[in-house]
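# Topology and contacts: notes
Each chain, letter by letter, is given below.
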Amino acid sequence: MTNLITHRWRFCMGVALLTTVGSFPLSLQAMPPKAMTTEALPLTINTEEYPPFNYADDQGQIIGSATLLLRDALHQAGIEAHFRLLPWARAYTEARLRDRHCVYSTTRTPEREALFHWVGPLVVNEWAAFSLAERELSIASLSGLHAWRVGSFREDAVGNYVASLGISVLLAPSERDNILRLEAGLLDVIVTGKATGEFMAQEQNIALAHLFTFYRAPLYLACHPSVSEALLARLQTQLDALHGDMQEDSQ
């Protein structure tokens, strides 16, 4: 009797062991490595109203020269991404603090360098100063701005740079607010991207005077460090190829 019980116990244990061992590779297959799972997740790409580089059209679709180039590079690299249009300060802060978030079109400054992984440049932005044409102001350089009310917006590299020179800068929530404040007489000068200032002025039928240009800044996609460098290297390769095609077409 004892031998029979022992035999049955050994048989049951053998079946349980085979079942456990046999299912172990399957359990590994059902649990892919964390890195692989993370790579498969889409990126969240934030941007702002900053025409002509990135902005929403009448249907709410995010377009612009930087947007179209970035979408094309993402497609060629096989990277899925969701685009969102936000106020710049929020778009920038979320990319700095949240996993798998990115932001564009971003100026690559020494203060920002270590905060992100970078892809680009996408486009080049000329920094310029504008006033209302009817004011007929004669200002030829940044040093001439100290006596005037100068406007920019929060977390903007252009305004931050001007403020770093000791010039008082009044900050608005967005670039479009600055154009309206300029028209309303609340500002004397705005500092912004040259193409952006001209685009928004034409859009709102406001006559601006371009006072001077003081810097050329390449604009990038800036991604949270959680986004793998291998994935971004793949994106950079496709972006470089697109730039090469554009140069060939222009020749």
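Summary of the structure given here. This structure is a prediction, so every number in the text was calculated from the model and none was measured.

## Comments concerning the overall build of the protein chain
Along the protein chain, the regular secondary structure elements total eight helices and ten strands. Sorting the 251 residues of the protein chain into buried and exposed places 41% on the buried side. Nonlocal contacts in the protein chain, meaning residues at least 24 apart in sequence, comprise 72% of its contacts between residues at least 6 apart. Of the roughly 13,800 Å² that the protein chain leaves accessible, carbon and sulfur atoms contribute 57%.

## Brief notes about the state of the cysteines
A full pass over the atoms with the stated rule returns one disulfide. Paired by a disulfide, Cys 102 and Cys 223 hold their sulfur atoms 2.1 Å apart. The chirality of the disulfide connecting Cys 102 with Cys 223 is right-handed, given an S-S dihedral of about 105°. Of this pair, Cys 102 sits in strand β5 (residues 101-107) while Cys 223 sits in strand β10 (residues 208-223), and the two are 121 residues apart along the sequence. Cys 102 gets classed as buried once you look at its relative accessible area, which sits at 0%. What makes Cys 223 buried here is its relative accessible area of 0%.

## Some points on the sheet that holds strand β1 (residues 43-47)
The sheet built from eight strands is open, its strands ordered β4-β1-β5-β10-β6-β9-β7-β8 with mixed pairing. Of all the strands in the sheet, just β4 (81-85) and β8 (169-172) have a single pairing partner and so form its edges. With direction set aside, neighbouring strand axes in the sheet form an average angle of 30°. Here β1 runs beside β4; their pairing, made up of five bridges, is parallel. Note on β4: the bridge partner recorded for Leu 43 is Ala 81.

Scoring rules and cut-offs
Residues numbered from 1 in each chain as written. Predicted model: local features only at pLDDT ≥ 70, side-chain atom pairs only at ≥ 80, totals over all residues. Heavy atoms only, no water. Helix = DSSP H or I, 4+ residues; strand = E, 2+ residues; numbered from the N terminus. Buried < 20%, exposed > 50% of the residue type's maximum accessible area, 1.4 Å probe, protein only. Contact = heavy atoms within 4.5 Å. Areas by Shrake-Rupley, 256 points an atom, 1.4 Å probe, with all protein chains shown as cover. Disulfide = S-S within 2.5 Å. Pairing = 2+ DSSP bridges. Axes fitted to C-alpha atoms, helices over the stretch in contact; angles between N-to-C directions.

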